[in-house]
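Here is what each chain is made of, one letter per residue.
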Amino acid sequence: MSEANKNAAVNDYIIRMINLNKWYGDFHVLKDINLDVKQGERIVICGPSGSGKSTLIRCINHLEEHQKGQIVIEGEELTGDIKHLEKVRTNVGMCFQHFNLFPHLTIMDNLTLAPIWVRKTPKAEAEATAMKYLERVKIPDQADKFPGQLSGGQQQRVAIARSLCMNPKVMLFDEPTSALDPEMISEVLDVMVELAEEGGMTMLCVTHEMGFAKQVADRVIFMDAGQIIEENTPDEFFNNPQSERTQLFLSQIIH
Ligand SMILES: Nc1ncnc2c1ncn2[C@@H]1O[C@H](COP(=O)(O)OP(=O)(O)OP(=O)(O)O)[C@@H](O)[C@H]1O
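On a predicted model such as this, the values are computed, not experimentally measured, just so you know. Chains are numbered independently. Their residues run from 1 in the order of the written sequence. Where local features are concerned, this predicted model is filtered to residues with pLDDT of at least 70; where side-chain atom pairs are given and counted, the filter is 80 or more; whole-chain, interface and lining totals use all residues. Excluded from the side-chain calculations are hydrogens and water; all other atoms, namely the structure's heavy atoms, are used.

1. Observations regarding the overall build of the protein
The criterion, for reference: Elements are defined by DSSP. Helices are runs of H or I of four residues or more, strands are runs of E of two residues or more, and each kind is numbered from the N terminus. As a reference, a globule follows 2.2 Å times the number of residues to the power 0.38, and the radius of gyration itself is taken over C-alpha atoms. Burial classification: accessible surface area is computed with a 1.4 Å probe over protein chains only, and a residue below 20% of its type maximum counts as buried, one above 50% as exposed, and the rest as partly exposed. Should any heavy atoms of two residues lie within 4.5 Å, those residues are counted as being in contact. In these tables, accessible area is a Shrake-Rupley quantity obtained with a 1.4 Å probe, and a residue counts as shielded only by the protein chains included in the view.
In terms of helices and strands, the protein carries ten helices and ten strands. Relative to the globule expectation of 18 Å for 255 residues, the C-alpha radius of gyration of the protein, 18 Å, shows essentially globular dimensions. Over its C-alpha atoms, taken along the principal directions, the protein stretches across nearly 50 × 50 × 35 Å. Buried residues in the protein amount to 50% of all 255 residues. Sequence separation of at least 24 residues holds for 65% of the intrachain contacts in the protein that already meet a minimum separation of 6. Surface accessibility of the protein: about 12,200 Å² in total, with carbon and sulfur atoms responsible for 49%.

In structure tokens:
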């Protein structure tokens, strides 16, 4: 392949993980992960507890540091360089299991904090954008409340809106529904489905919500013991799982 073609191929990928390895002390948590993510691709990552799913996506925005291999984001290797990291953290939004909202700030202030201080967006513009996204996640009337006054499902929708206010290219979701009461799960999944179906946003979602995976994922990745064991379209993944470990996992979660 010519150098130009090689670069063109590389540029198709917004995120590349190349022989990625990570250890927590002596514990080898990620083992030779190779994963290329295309711009706009929607990926669901599943697998047993402790298989390294959260660690994998936390490495993408350097919340966890890898020790070997490479992560390349928009053609630039992630090294921990502070300037690059600022850019990555602006372009890659993340929603966590436990929302991580600032409890002492109103919803509006939670949403406008980063745009005003990191992006230097004028306050009125940041507030207008925040309102737009609060409407999109269907809670515009909660803007002046504090996180503690909202349900878990509402707080998670605020967390999604907060990420969207930074106009990210990639959204990482780390089990966004697993801390929610069952009746609140669908209101968060609905927002995620809408986001996925709009297209354009690259999404990596660690979730056990297999209905979500079937509905919107372009690709499902199954991890076990720090390795990617299998990846496929949802159709193939659910109907024709190849490895015994995937079959066992699916038999345990789908009844
Ligand atoms: N900061 C840490 N220090 C040491 N070990 C850790 C740390 N974080 C995670 N681990 C261990 O690494 C392994 C992978 O954890 P990780 O959270 O990435 O898995 P997971 O697949 O997301 O699990 P779950 O579905 O339960 O959230 C687990 O055995 C966990 O105990």
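2. Focus: the site of the ligand
Here is the rule: The near set for a molecule or strand comprises every residue that places at least one heavy atom within 4 Å of it. Think of a polar contact as two N or O atoms within 3.5 Å of one another; within protein, one of them needs to be a possible hydrogen donor and the other a possible acceptor, and neighboring residues in sequence only count if both atoms come from side chains.
Close to the ligand lie Tyr-24, Phe-27, Val-29, Pro-48, Ser-49, Gly-50, Ser-51, Gly-52, Lys-53, Ser-54, Thr-55 and Glu-175, which account for all nearby residues. Within the contact set of the ligand, an oxygen atom lies 3.0 Å away from a side-chain nitrogen or oxygen of Glu-175. About the coverage of the ligand: the protein hides 59% of its 640 Å² of free accessible area. Elements supplying a minimum of two residues to the shell around the ligand: β2 (27-38) and α2 (53-60). Looking at which element gives the most residues to the shell around the ligand, the answer is α2, with three residues.

3. Section: the UniProt feature "domain: ABC transporter" (unreviewed entry) in the protein
For the record, the criterion: UniProt positions are given in the numbering used here, feature names are shortened, and annotations may be inferred rather than shown by experiment.
Taken from the UniProt record, the annotation "domain: ABC transporter" (unreviewed entry) applies to residues 15-250. In this annotation, residues 15-250 is assigned 39% helix and 26% strand; the end-to-end C-alpha distance for the span is 27 Å.

4. Considering the pairing of strand β4 (residues 68-73)
So the rule is basically this: Strand pairing follows a simple DSSP-based rule, namely that at least 2 bridges must link the two strands.
Where strand β1 (residues 13-24) lies against β4, five bridges are found, and the strand directions are antiparallel. Residue Arg-16 lies in a different strand from β4, and its bridge partner there is Val-72. In this sheet, strand β5 (residues 76-77) lies alongside β4 in antiparallel orientation, the contact comprising two bridges. Note that in β5 the partner of Val-72 across the bridge is Glu-77. Between β4 and β5, which pair antiparallel and follow one another directly, the connecting turn spans two residues, one of which, Glu-74, has a positive phi of 45°.

5. So, the sheet that holds strand β8 (residues 202-206)
Threshold: Here an angle of 0 to 180 degrees is reported between the N-to-C directions of two axes, which are lines fitted to C-alpha atoms, with helices fitted over the stretch in contact.
Read from one edge to the other, the open sheet built from six strands follows the order β6-β7-β8-β3-β9-β10, with strand pairing classed as mixed. Each edge of the sheet is formed by a strand with only one pairing partner; in this case those strands are β6 (92-95) and β10 (227-232). With strand direction ignored, the average angle separating the axes of adjacent strands in the sheet is 20°. Across five bridges, the pairing between strand β9 (residues 219-224) and β10 is antiparallel. Within β10, the residue paired with Asp-224 across the bridge is Gln-227.

6. What to know about the packing of aromatic side chains
Put simply, the rule reads: Any pair of Phe, Tyr and Trp rings, taking the six-membered ring for Trp, is counted once the centres come within 6.5 Å. Such a pair is stacked with planes under 30 degrees apart, edge-to-face with planes over 60 apart, and tilted for the rest. Only lysine NZ and arginine CZ atoms are considered, and such an atom sits over a ring when it is within 6 Å of the ring centre and within 35 degrees of the ring normal.
Under the definition given, this model contains two aromatic pairs. Relative to Phe-249, the ring of Phe-222 lies with its centre 5.1 Å away and its plane at 45°, an arrangement referred to as tilted. In this pair, Phe-222 sits in strand β9 while Phe-249 sits in helix α10 (residues 244-253), placing the two residues 27 residues apart along the sequence. Each member of the pair, Phe-222 together with Phe-249, is buried. Taking 5.2 Å as the distance between ring centres and 90° as the angle between the ring planes, the aromatic pair formed by Phe-237 and Phe-238 counts as edge-to-face. In this structure Phe-237 comes out as buried when scored by relative accessible area, which is 0%. Sitting above the plane of the Phe-238 ring, Lys-214 keeps its charged end 4.9 Å from the centroid.

7. A look at the sheet that holds β4
Reading across the sheet, the four strands line up as β2-β1-β4-β5 and stay open at both edges, with antiparallel pairing between neighbours. Looking along the sheet, the strands with just one partner apiece sit at the ends: β2 and β5. α2 rests against β1, β2 and β4 of the sheet, and its axis sits at about 125° to β1.

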